[in-house]
Amino acid sequence: MQVKIVIGTVAFMMTMMLFGYAALREPARLERFAAADLGRNIEKGAELYVNNCATCHGAAGDALDCFNAAGEPIACIGLPLKDEYLLCGEPSNRLIDQDYKFTVRDYIYGTIYAGRIGTQMPTWSAELGGPMEGYEIENVTQFVLNWRPELCTTEGPPPYEWPLTVTELLAAEGVTTPGDATRGAELYDRTYACTSCHGNPAQAGSARVGPWLGDLAARGGSIVDGYAAADYLYESVLAPNAHIAAECPTGPCGMPSGMPGNFGTRIRDPQSMIDLMTFILGNNLETTGVEIEYTRR
Amino acid sequence: MATFIEQVQEMGLKQATIAKADEVVERITAGMNINDIRAALRGDEPRRPNPRLRPHADGFWLHIRPSFYHTEVTHIYPTFRLGWLSTWLFVWETITGIFLMIFYTPSPVAAYQDIWNILGNVPLGQLMRNLHRFGAEVMVLVVALHMLRTFITGSYKKPRQFTWATGMILLVLTLMLSFSGYLLPWDQLGYWALTVFLSATEAHPGPEFIGRNVGLLLAGAPQVGAGGLLRWYLLHVLVMPLLLAIFFFVHYYKVVLHGHSLPPGREEIGEDTAKRVPKEERTYFIPDILTSELMWTALATLILVAVPLFGLYNAPLESHANPLVTPLHVVAPWYLAWSQGWLKLADKTFIAFVLIPGLLVAFTVMPYIEVGKSRRYIDRRLGLSVSMAFIVIMLISNWMGSPEYLVASSPDQEVFQEILPQEGHSVLKEVPYSELRPGVYLPGQALPDRYHLTHALHELEGAIFTHGCFMEGKGKPNPLHLPACRPVIQDDGSIKYRTYYTRDAMPNPEFQLIIRQFQANMMELIITAKVEDPNRPGEFLINSQTVGYRHQDSNYEED
Ligand code: HEM
């Protein structure tokens, strides 16, 4: 019997020591598992993104290469998500431009959750009739935020320093004027997806979010005092909030502008800007030489 | 009796305190004072009247335990302590279960994240979860072994038939207790196991409204959802444990009433002397049985803690339950896998509503029908052989329940499933992130310094080997040394290729593993499968791929 007491006591003490050992290694283990939780959520988010979002926001999130179900390339109608304008900084510049008071995570989660009325961004939450449960929206959100490490630490080439007048723009080094309207159309349709908000300039009434630009050449010179159409267009692209248009397809345009404020960094060279302007306004890029309201970031 | 103050005045503080302590101990033990306990632990003879019998007579905890056993039943044989171990496992599950309950909410919006919170945020949470899940599986095993031993020693025979019958109830409750916990993490594993289980109600042979309403009652809605989770939670933490406790006491009362059966050879045939224990063959509960039970409890607990702690058991956790995505293989837990095996062979209605209930009833009434008088092994050769055959059948059925037997999906999907399944263990995802570098890899390729990836590619080769075959004369090499294809023309005129391993093999399959950087800290893993039709060159029988993602921190290594 004494032997049993000894064995039992030793076994009990060893069990307690095992718990002690487990407790010692616990802090490191907890950290690994918390990270694993997030990591796996991001993996699920990647799956959801590829299956649901890539058609509009691009396979790589930069809204540059989109494919339809048959695998054919199509225009990306969504905004880029792998974008320092949206993701970097708390609040990021996108949030500042939108006058949004919460975090980047909330901004992304909220946009996916509810979609965006009047745009092609669909509603995803099952609570609003969409296909995704809350945890799935959280997973995609974490996936989008996971572009931060590569985006927000590395310094890309510095953005082009836009001059403040169209005169200087047209005189920039190495540009040809007027621009190439065909390339401008490509930029308008695909690269920057102006189409998804402003519609096709050749077809009145095709705009969904921002004003139709087919008649901008005619009316652009009479919107802001002292601006020619080219000055107004140049400013609208670089600084949407400087002057807000009166009428949008869904009613009066409000402040802040629904147009992203980062084309100044997304458009990387003056020739692209001129091509785009040529496509919208035609070969006549007349300017009054006025200084636009634009502050570089 | 004198008050403490008076005692102090009479004996002095020290003596009075000792006397008081003695009194308190005697009250708590319902009859044994400090000296009695020390004497018992030393193994001395008890004083007269024997104080070691009083806890049985006056105490709550021991009133259900006999005050002495027949010495013959106190050795490891014949009980193997399995009944006691079942009891302890139930207590153990209650303790670890309460710990988990503190951090768990039975709601689809919270449950899954709660489990991750237990794993990644609650100190010792992962250990507790593993202890609870491991304990549950061990309990099923131990109860089954206990049943086996009472069968083998013929202890179910008269007068213990009713003990056996209540034991059958305990067996079913133990299985249901284990299974009802399966759903609670709200992951794909439990969700689909339960959904498949509940689909049996649709196969109900009676009027349609019965099956429908029983199904509704158990699922809470046409599909398992918030209501279903809450119901199974309540079954798991309330109803099942309560029923088990109740029937445990019935069971145990009968055991005490009839006494533990002696080893079969010890008595005359047809006699039951368990209750007539001669003085010299008694072993008293205090101290011998008590210390021995405590020792076994301590040893069992040590194993229950050590196995999960050293990674020999890990509770699975798949991804969040999703009613819209059925995993390729829905597998029942091993203790129910036999039923899945049977379902592959016979009609659902027959299995779920005739065979299984029939077997349960047959087992329960068996002692009343099998009335052979002798408990001796030599006289029960037929019965013992049948029981062994039954065990073998159950093991084979369990294997048949696994996806290895009668697979339904296509061979390329099976290969994907073995290497990079949507759910469950994946050799590829378990490769440490540092070994996953962008590139194109071939099955069986060996990579210097990348031991785990080499291993995964080796497994891929093995999977292709069982699901692929080699066609001579197509001008292709056979680097994987696949077995030769044996074409078999199907009823619809198409051709399937057989090998020794499978009826549906891929001729000259070409597999690749492509690893791509997807985000700065995440890889995209793609396995592609291409199988050209041997009879129509340029056309593909199979041209498919599966994709998985591996984040740097996902830590599948520790799964
Ligand atoms: C939760 C499940 C169970 C618990 C906690 C339990 C507990 C016990 C205990 C403590 C004993 C005392 C003797 C011993 O340790 O072997 C016992 C005896 C017995 N049990 Fe169980 N039991 C369970 C399930 C079963 C099952 C599934 C069966 C068979 C269908 C069964 C049949 C018996 C019989 C026949 C005896 C009498 C053995 C004898 O007198 O030698 N029990 N049980």
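Here's what I pulled together on the structure shown here. (Residues numbered from 1 in each chain as written. Chains lettered and ligands numbered in written order. Predicted model: local features only at pLDDT ≥ 70, side-chain atom pairs only at ≥ 80, totals over all residues. Heavy atoms only, no water.)

Some thoughts on the site of the ligand
Residue and element names in this part refer to chain B.
- For the ligand, the set of nearby residues contains 26 residues, the closest of which are His146, Arg149, Gly167, His251 and Ser261.
- Within the backbone of glycine 83, an N or O atom sits 3.3 Å from an oxygen atom of the ligand.
- At 3.2 Å, a side-chain N or O of arginine 160 approaches an oxygen atom of the ligand.
- Elements with a minimum of two residues in the shell around the ligand: helix H6 (82-102), helix H8 (125-152), helix H9 (161-180) and helix H12 (226-258).
- The leading source of residues in the shell around the ligand is H9, at seven residues.
- The residue makeup of the shell around the ligand, split by class, is ten nonpolar, 14 polar and two charged. (Near = heavy atom within 4 Å. Polar contact = N/O pair within 3.5 Å; in protein donor to acceptor, adjacent residues only side chain to side chain. Helix = DSSP H or I, 4+ residues; strand = E, 2+ residues; numbered from the N terminus. Nonpolar A, V, L, I, M, F, W, Y, C, P; charged D, E, K, R; others polar.)

Overview of the packing of helix H7 (residues 111-120) of chain B against H8(B)
Residues and elements named next belong to chain B.
- Between H7 and H8, the shortest axis-to-axis distance is 6 Å and the interhelical angle comes to 115°. The segment H7 lies against H8, with Ile115, Ile118 and Leu119 engaging Gly125, Gln126 and Arg129.
- For the contact of H7 with H8, the residue count by class is three nonpolar, two polar and one charged. (Axes fitted to C-alpha atoms, helices over the stretch in contact; angles between N-to-C directions. Contact = heavy atoms within 4.5 Å.)

Here's the deal with the interface of chain B and chain A
- Counting residues at the interface gives 51 residues for chain B, matched by 41 residues for chain A.
- Carbon and sulfur atoms supply 62% of the area buried between chain B and chain A, which totals about 3900 Å² over both sides.
- By the criterion of area lost to chain A, the three top residues of chain B are Trp116(B), Leu309(B) and Gln519(B), representing 15% of everything that side buries.
- Remark: the boundary between chain B and chain A carries two salt bridges.
- Between Glu43(A) and Lys429(B) there is a salt bridge, and its shortest N-O distance comes to 3.6 Å.
- At the junction of chain B with chain A, the criterion picks out 20 residue pairs in polar contact (both at pLDDT 80 or more).
- The element contributing the most residues to the side of chain B that touches chain A is helix H13 (residues 285-309) of chain B, with twelve residues.
- Here the residues of the side of chain B that touches chain A are counted per class, giving 25 nonpolar, 18 polar and eight charged. (Buried area = accessible area lost by both parts, 1.4 Å probe. Salt bridge = Lys/Arg side-chain N within 4 Å of Asp/Glu carboxyl O.)

Observations concerning the pairing of strand S6 (residues 495-498) of chain B
Residues and elements named next belong to chain B.
- Strand direction decides the pairing type here: strand S5 (residues 486-489) and S6, joined by four bridges, are antiparallel. Within the sheet, the bridge partner assigned to isoleucine 489 lies in S6 and is isoleucine 495.
- Between S5 and S6, which follow one another and run antiparallel, lie five residues, and glycine 493 among them has a positive phi close to 90°. (Pairing = 2+ DSSP bridges.)

Description of the coordination of the iron atom of the ligand
Residues and elements named next belong to chain B.
- Coordination of the iron atom of the ligand by the protein is provided by His146 (NE2) and His251 (NE2), with metal-donor distances spanning 2.0 to 2.1 Å.
- In this structure, the iron atom of the ligand is coordinated by six donor atoms arranged in octahedral fashion, with angles at the metal of 85 to 179°. Here the residue histidine 146 occupies a position in helix H8, and histidine 251 occupies one in helix H12, the gap between them amounting to 105 residues. Summarising the burial analysis for this pair, histidine 146 and histidine 251 share the class buried. (Donors = N, O, S within 2.8 Å, 3.2 Å for Na, K, Ca; no water. Tetrahedral: all angles 85-135°; square planar, octahedral: opposite > 155°, others 65-115°. Buried < 20%, exposed > 50% of the residue type's maximum accessible area, 1.4 Å probe, protein only.)

So, the packing of H6(B) against H13(B)
Residue and element names in this part refer to chain B.
- Between H6 and H13, whose axes approach to 11 Å, the crossing angle comes to 55°. The angle between H6 and H13 falls in the class oblique. H13 is crossed by H6, and the crossing has right-handed handedness. Here Trp84, Leu85, Trp88, Leu89 and Trp92 of H6 come into contact with H13, specifically with Glu293, Thr297, Ala300, Thr301, Leu304 and Val305.
- Its residues placed into classes, the contact of H6 with H13 shows eight nonpolar, two polar and one charged. (Parallel < 35°, antiparallel > 145°, perpendicular 65-115°, else oblique. Left-handed = near helix turned anticlockwise from the far one by under 90°.)

Digging into the packing of aromatic side chains
- A complete count under the given rule lists 38 aromatic pairs over all chains for this structure.
- When the centroid spacing of 6.4 Å and the interplanar angle of 80° are considered together, the rings of Trp162(A) and Tyr234(A) count as edge-to-face. You can see Trp162(A) sitting in the loop between helix H7 (148-152) and helix H8 (166-170) and its partner Tyr234(A) sitting in helix H12 (residues 229-238), a full 72 residues away along the chain.
- On the basis of an interplanar angle of 55° and a centroid distance of 5.3 Å, the ring pair of Tyr188(A) and Phe279(A) is categorised as tilted. Highlighted residues: Tyr188(A) in helix H9 (residues 181-191) and Phe279(A) in helix H14 (residues 270-281), separated in sequence by 91 residues.
- According to the relative accessible area criterion, Tyr188(A) is buried, its value standing at 0%.
- The class of Phe279(A) is partly exposed, set by a relative accessible area of 24%.
- An aromatic cluster of at least three residues, connected via ring pairs, comprises Tyr49(A), Phe143(A), Trp147(A), Phe518(B) and Tyr549(B).
- The side chain of Arg29(A) reaches across the aromatic face of Phe33(A), ending 4.7 Å from its centre.
- Its guanidinium or amino end placed over the ring of Tyr556(B), Arg40(A) lies 4.1 Å from that ring's centre, counting from NZ or CZ. (Phe/Tyr/Trp six-rings, centres within 6.5 Å; stacked < 30°, edge-to-face > 60°. Lys NZ or Arg CZ within 6 Å of the ring centre and 35° of its normal.)

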